[in-house]
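Structure at a glance
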Amino acid sequence: MKHFLVLPLSFGLLVGVAVAQNRPVTPPVDRDDAQRREINPDLKPGNEPPRSEGSVRGPNESSSKDRNVDISPPPGDNRHPGSTLEGPDEASGITEMKPWNPHKADKDVEVGLYYFKQKNYKAAESRFREALYWQDNHAEATYRLANTLDKVGKKDEARQFYESYLKILPNGDFAQECKKALDRLASVESSGKIAAKPTSRP
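Fair warning: this is a prediction, and the values are worked out from it, not measured in the lab. (Residues numbered from 1 in each chain as written. Predicted model: local features only at pLDDT ≥ 70, side-chain atom pairs only at ≥ 80, totals over all residues. Heavy atoms only, no water.)

1. Some remarks on the overall build of the chain
Within the chain, the regular secondary structure consists of 7 helices and 0 strands. For the chain, the α and β elements follow one another from N to C terminus as α-α-α-α-α-α-α. The buried share among the 202 residues of the chain stands at 19%. (Helix = DSSP H or I, 4+ residues; strand = E, 2+ residues; numbered from the N terminus. Buried < 20%, exposed > 50% of the residue type's maximum accessible area, 1.4 Å probe, protein only.)

2. A short note on the packing of aromatic side chains
For any two aromatic rings, the description comes down to two numbers: the centre-to-centre distance and the angle of the planes. A complete count under the given rule lists 7 aromatic pairs for this structure. Pairwise contacts between aromatic rings join Tyr 143, Tyr 162, Tyr 165 and Phe 174 into one cluster. (Phe/Tyr/Trp six-rings, centres within 6.5 Å; stacked < 30°, edge-to-face > 60°.)

3. Focus: unusual backbone geometry
Not every positive phi belongs to a glycine, and Lys 119 is a case in point at roughly 65°. Mapped onto the fold, Lys 119 is located in the loop between α3 (102-117) and α4 (121-134). Looking at Lys 119, the relative accessible area reads 61%, which means it is exposed.

4. With respect to the nonpolar core
One finds Tyr 143, Leu 145, Phe 161, Tyr 162, Tyr 165, Leu 166 and Cys 178 to be the most contacted residues of the largest nonpolar core, which totals 24 residues. Elements supplying a minimum of two residues to this core: α3, α4, α5 (139-151), α6 (155-168) and α7 (175-196). If one sorts the elements of this core by residue count, α5 sits on top with 6 residues. Discounting residues that sit within four places of it in the chain, Tyr 162 has contacts with Tyr 143, Ala 146, Asn 147, Asp 150, Cys 178, Ala 181, Leu 182, Arg 184 and Leu 185. (Core = buried A, V, L, I, M, F, W, Y, C linked by side-chain atoms within 4.5 Å. Contact = heavy atoms within 4.5 Å.)

5. Examining the pattern of salt bridges
Within this structure, the stated rule accounts for 9 salt bridges. Across the salt bridge formed by Glu 157 and Arg 129, the nearest N and O atoms sit 2.7 Å from each other. Linking Glu 157 in helix α6 with Arg 129 in helix α4, this pair joins segments that are 28 residues apart in sequence. Note on Glu 157: relative accessible area 26%, which makes it partly exposed. (Salt bridge = Lys/Arg side-chain N within 4 Å of Asp/Glu carboxyl O.)

6. Structural notes on the environment of Glu 163
Checked against the element boundaries, Glu 163 lands in helix α6. Between the C-alpha atom of Glu 163 and that of Leu 182, which follows or precedes it by 19 residues, the distance is 7.9 Å.

7. Some words on the packing of α4 against α5
α5 packs onto α4 with a crossing angle of 150° between their chain directions and a minimal axis gap of 9 Å. As far as their axial angle goes, α5 and α4 are roughly antiparallel. The two elements α4 and α5 meet at a crossing, and its hand is left-handed. When α4 is examined against α5, the residues Tyr 121, Ala 124, Glu 125, Phe 128, Arg 129, Ala 131 and Leu 132 are found in contact with a partner set consisting of Ala 141, Thr 142, Arg 144, Leu 145, Thr 148, Leu 149 and Lys 151. In terms of residue class, the contact of α4 with α5 is built from 8 nonpolar, 2 polar and 4 charged. (Axes fitted to C-alpha atoms, helices over the stretch in contact; angles between N-to-C directions. Parallel < 35°, antiparallel > 145°, perpendicular 65-115°, else oblique. Left-handed = near helix turned anticlockwise from the far one by under 90°. Nonpolar A, V, L, I, M, F, W, Y, C, P; charged D, E, K, R; others polar.)

8. With respect to α6
Relative to the 20 Å expected for 14 residues at 1.5 Å per residue, α6 spans 20 Å between its end C-alpha atoms, a close match to the ideal helical length. Within the sequence span of α6, burial applies to Ala 158, Phe 161, Tyr 162, Tyr 165 and Leu 166. Looking straight down α6, one finds its buried side chains confined to an arc of 145°; they lie on one side. Turned more than 90 degrees from where α6 packs its buried face, Asp 156 and Lys 167 sit exposed. (Expected span 1.5 Å × (residues − 1). Arc of directions from axis to C-beta.)

9. A word on the packing of α3 against α5
Relative to each other, α3 and α5 sit at 25°, their axes nearing to 11 Å. Overall, the two elements α3 and α5 adopt an arrangement that is roughly parallel. As for how α3 packs across α5, the hand of that crossing is left-handed. Residue-level contacts link Val 109, Leu 113 and Phe 116 of α3 to Glu 140, Ala 141, Arg 144, Asn 147, Thr 148 and Lys 151 of α5. The residue makeup of the contact of α3 with α5, split by class, is 4 nonpolar, 2 polar and 3 charged.

Structural data, given as structure tokens:
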């Protein structure tokens, strides 16, 4: 007997919910809305008043464009204390940004080390240069490139990268090796200059 009563009641409840969902919802009337309609009878309920005369804004436009704000400095601003501090120069034409990706740089150093151990110095040099492309102050890539260039006989360029490493990390892991290499390159260069000196004839 209870089951016969529950079934019609639950059916009636479901029908009531379905009817309530299909009924349109009317927005509540706002007191301000009623006052606006007294002033301007052309306004319909729910319409917002215009923000400023002559400005029609779309749904995706910002209201900050409704008025222009002058952000230039006041006259005589350059005469106050500290005015000598200048901001960045205005871009003159095309500006170029350097790429920056330390993760790629680390990966290139890792691969370059593999090639270096295989004595494939050309491939190692390429990878260490690429690492410096992604991160121009990568200390290990700088040292490894200097060492590779030293191995293949590019002594002048190797010296530049040894010196660059010491600028980046003066007390880094490879600082002693860089100093020894610079001393060695300097002694080789000085002995080469002495040997290349022409002998004077009597």
